[in-house]
Amino acid sequence: MSIFETMSHLSAFQSSSGFLSTSTIISLTVFFSLLCACIIVGHLLEENRWANESITALLLGLCTGAVVLLVSKGSSSRILVFSEDLFFLYLLPPIIFNAGFQVKKKQFFENLAIILMFGIFGTLISFCLISLGAFLLFKRIGVTSLNTQDYLAIGAILSATDSVCTLQVLNQDETPFLYSVVFGEGVVNDATSIVLFNSVQSIDFNNINATISLKLMGTFLYLFFSSTILGIVAGLLSAFIIKTLYFGRHSTDREVALVMIMAYLSYMLAELLSLSGILTVFFCGIVMSHYTWHNVTESSRITTKHAFATMSFIAETFIFLYVGMDALDIDKWKASSASAGTSVAVSSTLLALVLVGRAAFVYPLANFINFIRKRDNSKIEFRQQFIMWWAGLMRGAVTIALSYNQFSNSEDTDTEDSALMITSTIIVVLFSTVVFGSITKPLIEAVLLRNAKPNISDVTDIPSLEDLRILLIENGEPSELGENPSAAPKRSSLRLLMTHPTWTVHYLWRDFDDRFMRTVFGGRGFVPFVPGSPTAAADETSGT
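Position numbers for residues start from 1 in each chain and track the written sequence from start to end. Thresholds applied to this predicted model are a pLDDT of at least 70 for local features of residues and 80 or more for the giving and counting of side-chain atom pairs; totals over whole chains, interfaces and linings are not thresholded and use all residues. Hydrogens and waters are ignored; side-chain quantities use all the structure's heavy atoms.

Visitor: Quick one: what's the story with the state of the cysteines, residue by residue and with numbers?
Guide: The term disulfide is used for any two cysteine sulfur atoms that are within 2.5 Å. Taken as a whole and assessed by the stated rule, the structure comprises zero disulfides. Here cysteine 38 stays unpaired: no disulfide links it, and the sulfur of cysteine 36, its closest cysteine neighbor, is 9.3 Å away.

Laid out in structure tokens, this is it:
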């Protein structure tokens, strides 16, 4: 099946002798014109707090779909037909990789425990509640042909937040903690949802027994950790190859090409091995930014950074533009043949389950974290918890793609109910993106920024690097900060690790990284010497 199917009504004539269809050229021209329009409108609305590029592309797609629907006299609203292969193999990898490549690693790993708790356990809680809620409520609405696998799939589908839209509604500089947690959770959440979805697909529900939940959990853990390890290994391999072979001495084009291809190769290997490509390429991006990026020449660093960001931006715009156009696909709405009341009831039920499912883990887990933390200024305030709940309500292309995968070719589910689930999912995505996405920025300004308190840290409670060095590295040898080391009582290493795990683990990692990892894989401090580069010019100047 071709990735792009074109509308026959867009062109009354077609080239029979040429190898390119005229309708294909027209469709692509219109679509790329829309991409240009999205970029221009997004630039003009940059300072508008109610709009962002995701909503702009979505609304422009809706308007375009409506125009095409009118021109075709209600036969179709499509310019290009979106396939799952197009989304998962070509559009999603650059977005997720760039997210890992550009993420502020210090913020991300400082909040890693919260991110993993929300992204894994939170998604599991949401998955269970949405699946159970759909099972209990759908039959009362009149949707009766869904089976156990369908209900579990609905839970996995609607547990996937929209990490792409999160990037645009949260500001990394204004709210660094919220950005790090919500965005990091979004990436882990997407990966967890897809892993859950694949786990549900792989289980034979015709032979359900007491071990089914254990099998589901075992499959999930295997996919999660295997995908993460594969991404780390791929990133380290790229760093080692570029550091050892030193491509920059002959051609910077080769090292840039190798970085891009190996990043994409990590995703494809994960899919080939039936693992989570999202987790693999995300952690590959983090490792490449920590090691590989510092091993290439200066010009290649600039090229790769902007190239990844540009590809990600185009893919994001493409996705939202298509989602807007696909929402008016008349074939899906005709296939469902459900009344307006039934469609609204199903969509409202799904949206309510999304709201309840997220609240069921955000507030309990946040308060559990607050209970563990000792210092008041490190606890998550209720206002922050509210924004974390609100910003994670948006659903996007991952939700739609999984919905297509489950219901477009379902043999066990009634065709009308399958079409109803797809259209209801689209309604949830549109409503959550436009409504929740447009309100998030003003909400943050009203709830957080206007009432922001200065972040005054308790310096006496934070261990110094010298304290950590004495405790963990030199076993209490005298410090340069004082001639009498007994003046300051030495804390036990176990107490330090328990009271300040992030600081302690960070210090131990930095020491291990400097002593062992950087000597093999390069990284910060490894500056390739290329004749004619700014580094070479500076060295020549200093030498003279």
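Continuing now.
Visitor: Which residues make up the pattern of salt bridges, and what values do they have?
Guide: Where side chains of opposite charge bring their charged atoms close, a pairing between them can arise. Any carboxyl oxygen of Asp or Glu within 4 Å of a side-chain nitrogen of Lys or Arg constitutes a salt bridge here. All chains considered together, the criterion is met by five salt bridges. Note that aspartate 514 is salt-bridged to arginine 518, the shortest N-O span being 3.1 Å. On the criterion of helical spacing, the pair formed by aspartate 514 and arginine 518 is a turn pair, its members being four residues apart in helix α20 (residues 501-521). With a relative accessible area of 41%, aspartate 514 lands in the partly exposed category. Relative accessibility under 20% of the residue-type maximum defines a buried residue, over 50% an exposed one, and the middle range a partly exposed one, all with a 1.4 Å probe and only protein chains included. On the accessibility criterion, arginine 518 (15% relative accessible area) is buried. By the criteria applied, helices consist of DSSP H or I runs no shorter than four residues and strands consist of E runs no shorter than two, each listed in order from the N terminus.

Visitor: Before we move on, could you go through the confidence of the model for the chain and cite the residues and values that matter?
Guide: Confidence of the predictor in every single residue is expressed as pLDDT, which spans 0 to 100. Of all residues in the chain, 78% attain a pLDDT of 70 or more, and the chain-wide mean is 78. Taken element by element, the predicted model of the chain shows its lowest mean pLDDT in helix α21 (residues 534-543) (44) and its highest in helix α10 (residues 252-272) (92). When the criterion is pLDDT under 50, residues 454-488 qualifies, and its contacts beyond four places in sequence or with other chains add up to 47 contacts. Residues are treated as being in contact if the distance between any of their heavy atoms lies within 4.5 Å.

Visitor: Could you give me a rundown of the packing of helix α2 (residues 53-71) against helix α12 (residues 298-326), with the residues and numbers involved?
Guide: Interhelical geometry of α2 versus α12 gives an angle of 40° and a closest axis separation of 6 Å. Considering the angle they form, α2 stands oblique to α12. Considering the relative orientation of α2 and α12, their crossing is right-handed. Packed against α2, whose contacting residues are Glu53, Ser54, Ala57, Leu58, Leu60, Gly61, Leu62, Thr64 and Gly65, the element α12 presents Phe313, Thr317, Phe320, Leu321, Val323, Gly324 and Met325 at the interface. Looking at side-chain class alone, the contact of α2 with α12 contains nine nonpolar, six polar and one charged residues. Axis definition: a line fitted to C-alpha atoms, limited for helices to the stretch in contact. Angles are taken between N-to-C directions and run from 0 to 180 degrees. Oblique is the label for any angle not covered by the other classes, which are roughly parallel (under 35 degrees), roughly antiparallel (over 145) and roughly perpendicular (65 to 115). Helix crossings get a hand from a simple test, with the near helix turned counterclockwise from the far one by less than a right angle marking a left-handed crossing and a clockwise turn marking a right-handed one. Each residue is assigned to one of three groups, with Ala, Val, Leu, Ile, Met, Phe, Trp, Tyr, Cys and Pro labelled nonpolar, Asp, Glu, Lys and Arg labelled charged, and all others, Gly among them, labelled polar.

Visitor: Describe the packing of aromatic side chains, naming the residues involved and giving the relevant values.
Guide: Here a Phe, Tyr or Trp ring, Trp counted by its six-membered ring, pairs with any other such ring whose centre lies within 6.5 Å, and the pair is stacked when the planes are under 30 degrees apart, edge-to-face when over 60, and tilted otherwise. Applying the stated criterion across every chain yields a total of 21 aromatic pairs. With 5.2 Å between their ring centres and 90° between their planes, phenylalanine 108 and phenylalanine 109 make a pair best called edge-to-face. Given a relative accessible area of 1%, phenylalanine 108 falls into the buried group. Ring centres of tryptophan 390 and phenylalanine 436 lie 4.9 Å apart, and the angle between their planes is 70°; on these two criteria the pair is classed as edge-to-face. Here the residue tryptophan 390 occupies a position in helix α15 (residues 382-391), and phenylalanine 436 occupies one in helix α17 (residues 415-449), the gap between them amounting to 46 residues. Of the two residues, tryptophan 390 and phenylalanine 436, both sit in the buried class. Of the aromatic side chains, those joined through ring pairs into one cluster are Phe386, Trp389, Trp390, Phe431 and Phe436. The ring of tryptophan 293 is capped by arginine 301, whose NZ or CZ atom sits 5.7 Å from the centre of that ring. In our convention, an over-ring charge means Lys NZ or Arg CZ found within 6 Å of a ring centre and within 35 degrees of that ring's normal.

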